[in-house]
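Reading the structure
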Amino acid sequence: MVQIGLRLHDAEKLPLDELLPIVRGKGFSCVHLALSKALKEYPCTASALTPGYANYLRHLFERNGLDIAVIGNYLNLANPDPDYMKTAREKYFAHIRFASLLGCGMVGTETGAPNVEYKYCPECRSDAAFSLFLKELKPVVRCAEQYGVTLAIEPVARHIIWGPKRCRQALDEIGSHNLQVLFDPVNMLDLDNVDHREEVFQEAIELLGPDIAMVHFKDFIRVNEGYGLKSVGAGTGEMDYTQIIRFIKKEKPFIYATLENTTPENAQWCGNHIKELYDSCPID
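Owing to the predicted nature of the structure, the values given are computational and were not obtained by experimental measurement.

Here's the deal with the pattern of salt bridges
In total, this model carries 17 salt bridges according to the counting rule given. Close ionic contact of D127 with R166 constitutes a salt bridge, the shortest N to O distance being 3.1 Å. In this pair, D127 is assigned in helix α5 (residues 127-147) and R166 in helix α6 (residues 164-174), connecting sequence segments 39 residues apart. Across the pair R222 and E238 runs a salt bridge whose closest N-O atoms are separated by 2.8 Å. Of this pair, R222 sits in strand β8 (residues 219-222) while E238 sits in the loop between β9 (229-232) and α8 (242-251); the two residues are 16 residues apart in sequence, bridging distant segments of the chain. Relative accessible area serves as the criterion here: at 39%, R222 is assigned to the partly exposed category. The class of E238 is partly exposed, set by a relative accessible area of 33%. Among the ionic contacts, a cluster of salt bridges with common partners joins R7, D10, D184, K218 and E260.

Okay, structure coming up:
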């Protein structure tokens, strides 16, 4: 069985003790927790992430029957500003320590861009940007090893780790069992590959499958702005999840799979949609 969850900052804007029963009541069993986005009433600086805070949250989630599947810390690990990077490293270290205290086994991150704006540029796909990212990633992974936490990187078409091959290269070069993959299929798509997305997903499954620790479910629609694709709730766009669900049903029992880009109004429908697809999907 897949464990379906919700990105907590997509839920209703309520105090945490009021929100968690609502999330559980909609049938979700876990959450993706980005502290700075979901817990606006509390500070999330590195110094605020104390053992007492961790235990308070752990007990609150436990009382509501919810696991914290992953803590999100989506900072730019290729920012050329040394002052930014010093602060970013400390935040990663603090989030990893906090995850271990929470009983959460994973910290998730994307893979940045070689500029201070964290925006796509052609240099994202350069070897120089890749080397810079690996250089900054290594101490974060070493910290994850020390605390027994998994750091899960999320390939994104417009970031430095932009596709399955680049992600496989990063995993191999870092060479740590504590570095794995948060598989978000839609994030691997852009206008260049969206019409052969099944091939993209199959390559990701073949190259990254053993290292996939968690899945994000969302959908996309085509728009005449931005990058041409807009993320929306699962089941409300063009995605066919059969290939991905067959993979997780066959090879990833009880994996955490959290929804993204839902609204409070459609989250329960999106979750039920994925559950129904999972239950009806053949694995042969």
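Quick notes on the nonpolar core
By size, the foremost hydrophobic cluster in this structure holds 86 residues, and its most contacted members are L8, F61, L137 and F217. Tallying contributions element by element places α5 first for this core, with 9 residues. Sequence-distant contacts of L137, that is, excluding residues within four places in its chain, are made with L77, L151, I153, I174 and L179. Core analysis: the next-biggest nonpolar cluster, separate from the first, contains 8 residues, A69, V70, M106 and A152 among them.

Remarks on the environment of D192
Within the secondary structure layout, D192 lies in the loop between β6 (179-183) and α7 (197-208). Relative accessible area serves as the criterion here: at 68%, D192 is assigned to the exposed category. Once the C-alpha coordinates of D192 and G235 are considered, the two residues, 43 residues apart in sequence, prove to be 22 Å apart.

Definitions and cut-offs
- Residues numbered from 1 in each chain as written.
- Predicted model: local features only at pLDDT ≥ 70, side-chain atom pairs only at ≥ 80, totals over all residues.
- Heavy atoms only, no water.
- Salt bridge = Lys/Arg side-chain N within 4 Å of Asp/Glu carboxyl O.
- Helix = DSSP H or I, 4+ residues; strand = E, 2+ residues; numbered from the N terminus.
- Buried < 20%, exposed > 50% of the residue type's maximum accessible area, 1.4 Å probe, protein only.
- Core = buried A, V, L, I, M, F, W, Y, C linked by side-chain atoms within 4.5 Å.
- Contact = heavy atoms within 4.5 Å.

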